[in-house]
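What follows is the residue order along each chain.
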Amino acid sequence: MIPARQIFESFAGLPAGTMPDDPIDALQVRLAAWEAGQPFHVVSDLPVALGIGEECGELADAETTEEEIDAVGDVAIYVCQVATRNRLAMRWILDAPSSKKKHRDPWHRDPWRNLVSALGRVKHLVLKRSQRIREGLLPVEEYRELLATALADVTFAVERAAGRRAEDAFLDTASRILARDWNADRAQGGEVAP
């Protein structure tokens, strides 16, 4: 079993109401419970993989530090949702060995080109799994291993493009996400408009 799965399984079986000791693991559990109660929740990876791409676009369009942090955090939230659906630990994705991240092919000098490449790989895997072709036909553990690495790569590429740590933005953004209730306010999720 790959490390991202081992970590996930170490906290997935905890009794209801018991949170993992690690703050990233605990946040992954809280986000899964929050999302399950929202009107847009579906089991499929497709909408959350689209969310990763949407937030990468917001990162590219960010004009302020706050917008950058929000976009990086939102990418991490969507990465976490894909990870949860595939029983992969977000903690591993955020901490994947840098040697794995740095030597992935292709790796370009331009951080934005790396981001597009890494994003394309995540979307490729999710799409092929939903179509049940190519890598989508692999046994589940082989697919999960490819997906875990692709999610780590896209997270690292976002960090390089933005020049900030995804873990910090993830922790900062998640508290705001968890306060939203899209059932009560479908237009803004209960957010106060600026």
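Just above, that's the structure.
Rules behind the numbers
- All residue numbers here refer to positions counted from 1 along the written sequence of the relevant chain.
- In keeping with the model being predicted, local features are shown solely for residues with a pLDDT of at least 70 and side-chain atom pairs are shown and tallied solely at 80 or more, while totals for entire chains, interfaces and linings include all residues.
- In computing side-chain values, all of the structure's heavy atoms are included and hydrogens and water are not.
- Secondary structure counts use DSSP, requiring at least four H or I residues in a row for a helix and at least two E residues in a row for a strand, with both numbered from the N terminus.
- We call two residues contacting when some pair of their heavy atoms lies within 4.5 Å.
- Salt bridges are identified by distance alone: a Lys or Arg side-chain nitrogen within 4 Å of an Asp or Glu carboxyl oxygen.
- Within this analysis, patches are made of residues with over 30% relative accessible area and no salt bridge. Like charges are joined at 9 Å or less; nonpolar side chains (Val, Leu, Ile, Met, Phe, Trp, Tyr) at 5 Å or less.
- Only the protein chains shown count as cover for residues, and all accessible areas are computed by the Shrake-Rupley method using a 1.4 Å probe.
- When charges are counted, Lys and Arg are positive and Asp and Glu negative, with His and the chain ends excluded.
- Positions of charges follow a simple convention, taking NZ of Lys, CZ of Arg, CG of Asp or CD of Glu.
- Residue exposure (1.4 Å probe, protein chains only): buried if accessible area is under 20% of the type maximum, exposed if over 50%, otherwise partly exposed.
- Fitting a line to C-alpha atoms yields each axis, with helices limited to the stretch in contact; the angle taken between N-to-C directions then spans 0 to 180 degrees.
- The cut-offs work like this: below 35 degrees is roughly parallel, past 145 is roughly antiparallel, 65 to 115 is roughly perpendicular, and the gaps in between are oblique.
- Each helix crossing is assigned a hand: it is left-handed if the near helix lies turned anticlockwise from the far helix by less than a right angle, otherwise right-handed if that turn is clockwise.

Undergrad: Which residues make up the side chain of T173, and what values go with them?
TA: Within the element layout of this structure, T173 appears in helix α9 (residues 166-178). When near neighbours in sequence (up to four residues on either side) are disregarded, T173 contacts I69, D70, G73, D74 and I77.

Undergrad: Describe the pattern of salt bridges, with residues and values.
TA: The full count for this structure, using the stated rule, is 13 salt bridges. Of the charged contacts in the structure, one is a salt bridge between E135 and R121, with a shortest N-O distance of 3.2 Å. In this pair, E135 sits in the loop between α7 (111-131) and α8 (140-162) while R121 sits in helix α7, placing the two residues 14 residues apart along the sequence. Put simply, E167 and R165 hold a salt bridge, and the shortest N to O gap is 3.6 Å.

Undergrad: Explain a negative patch on the surface to me, using residue names and the numbers behind them.
TA: Judged by side-chain charge, E54, E58, D61, E63, E66 and E67 come together as a negatively charged surface patch. Put simply, the parts of the chain that give the negative patch at least two residues each are α3 (46-61) and α4 (65-85). In terms of residues, the negative patch owes the most to one element, α3, which gives three residues. As for its position among the elements, E54 is in helix α3. Given a relative accessible area of 41%, E54 falls into the partly exposed group.

Undergrad: Give a description of the packing of α7 against α8 that names residues and reports values.
TA: At a minimum axis distance of 8 Å, the contact between α7 and α8 shows a crossing angle of 155°. One finds that α7 runs roughly antiparallel with respect to α8. Taken as a pair, α7 and α8 cross one another with a handedness that is left-handed. Across the interface between the two elements, P111, W112, N114, L115, A118, L119, R121, V122, L125, V126 and R129 of α7 pack against V140, Y143, L146, L147, A150, L151, D153, V154, A157, V158, R160 and A161 of α8.

Without other data, these values stay purely geometric and don't point to any function.
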